[in-house]
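# Fold and geometry: a report
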Amino acid sequence: MLTEYKTVAGYGEDYIVIERSRFIGYAQRVTTEEEAVAFIAMIKKKHWDATHNCSAFVIGENDQIQRSSDDGEPSGTAGKPILECIKKNGVKDTAVVVTRYFGGIKLGAGGLVRAYTAGTVTALKAAKIVIHTLHQTISVSVDYTWWGKVENELRVGEYRVSGTDFTDKVTAHVLIPEGEQDAFVARFTDLTNGQAQISLGEKEYVEVPVEAVGDEQEEA
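Described below are features of the structure shown in this document.

Looking now at the overall build of the protein. Looking only at helices and strands, the protein has six helices and ten strands in total. In terms of overall size, the protein is more extended than a compact globule, its C-alpha atoms giving a radius of gyration of 23 Å where 220 residues would be expected to give roughly 17 Å. Overall, the protein is about 75 × 30 × 25 Å in size when its C-alpha atoms are taken along their principal axes. Sorting the 220 residues of the protein into buried and exposed places 45% on the buried side. Of the contacts made within the protein by residues no fewer than 6 positions apart, 74% connect residues no fewer than 24 positions apart. Here the protein has roughly 11300 Å² of accessible surface; of this, 49% comes from carbon and sulfur atoms.

Here's what the structure looks like:
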């Protein structure tokens, strides 16, 4: 599993107007090629009357699935710029469609590349880029006499607590960033004089928003 990776939070759409042509950018998180194809088909059906519905997607831990389509635009001026923009932003498991309604002014090859890149940036901003960071669930179980001390340390240390069980003992389930497990276990073992029962659970990704793509990428 990757320690961390970027993707989009979910669905997003927005538009820009360039030389009277309307470019509508759509982005969606997808985990399979079938999901990506279905998403693109949905947008094409929605905009059946558009001049073009150009698209690209990147899927997989190692970006092993990559596809793009110019959908009638000159070769290399739409699908490839969309794909390259997705990759430049480092997002995985993401599909983007940029729909164009022609406004009567031809943009030329360079203008099309810039327009579809800008449309992709617009879509990614609307969908919101997030970073998934791998965390380990660690359960800390103590007698009630130790709970105040443990609870205070969890609060002061700003640990991410996913849940707390109150039975014959108190058990806190804490999400610890990958690579920091040993330090956490040592800290709470020492804090409780070895009285805490500490066990490792499943690993999962925690989603954290990151700053939206900047204008320097839009100009790429």
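As a further point, take the packing of helix α4 (residues 144-156) against helix α5 (residues 181-191). The geometry of α4 relative to α5 is characterised by a closest axis approach of 10 Å and an angle of 145° between their N-to-C directions. α4 and α5 meet at a crossing whose hand is right-handed. For the pair α4 and α5, the contacting residues are W146, K149, V150, E153 and L154 in the first and F184, R187, F188 and L191 in the second. Looking at the contact of α4 with α5 residue by residue, the classes come out as six nonpolar, no polar and three charged.

Membership of the largest hydrophobic core comes to 23 residues, with the highest contact counts inside it found for F23, I82, I86, V96, Y116 and L124. When residues of this core are traced back to their parent elements, those giving at least two are β3 (21-29), β4 (52-59), α2 (79-88), β6 (94-101) and α3 (108-127). Element by element, the count of residues in this core is highest for α3, at seven residues. Not counting residues up to four positions away in its chain, the partners in contact with L124 are V8, A27, C85, N89, V91, T94, V96 and I129.

If you trace the five strands from one edge of the open sheet to the other, you get β2-β3-β6-β4-β5, paired in antiparallel fashion. What marks the edges here is a single partner per strand, and that holds for β2 (12-18) and β5 (65-69). In this sheet, neighbouring strand axes are inclined to one another by 15° on average, regardless of whether the strands run parallel or antiparallel. Alignment of β3 against β6, held across eight bridges, turns out to be antiparallel. The residue bridging R22 from the neighbouring strand is Y101, located in β6. Contacts from helix α1 (residues 33-46) reach β2, β3, β4, β5 and β6 within the one sheet, and its direction differs from that of β4 by about 165°. Strand contacts of α2: β4, β5 and β6, with the helix running at about 35° to β4, the strand carrying the most contacts.

This part takes up the environment of L112. In this fold, L112 is placed in helix α3. With a relative accessible area of 6%, L112 lands in the buried category. In this structure the C-alpha to C-alpha distance between L112 and V208, which are 96 residues apart in sequence, comes to 33 Å. Setting aside residues up to four positions removed in sequence, L112 forms contacts with E73, P74, T77, R100 and L107.

Conventions adopted
Residues numbered from 1 in each chain as written. Predicted model: local features only at pLDDT ≥ 70, side-chain atom pairs only at ≥ 80, totals over all residues. Heavy atoms only, no water. Helix = DSSP H or I, 4+ residues; strand = E, 2+ residues; numbered from the N terminus. Rg over C-alpha atoms; globule rule 2.2 N^0.38 Å. Buried < 20%, exposed > 50% of the residue type's maximum accessible area, 1.4 Å probe, protein only. Contact = heavy atoms within 4.5 Å. Areas by Shrake-Rupley, 256 points an atom, 1.4 Å probe, with all protein chains shown as cover. Axes fitted to C-alpha atoms, helices over the stretch in contact; angles between N-to-C directions. Left-handed = near helix turned anticlockwise from the far one by under 90°. Nonpolar A, V, L, I, M, F, W, Y, C, P; charged D, E, K, R; others polar. Core = buried A, V, L, I, M, F, W, Y, C linked by side-chain atoms within 4.5 Å. Pairing = 2+ DSSP bridges.

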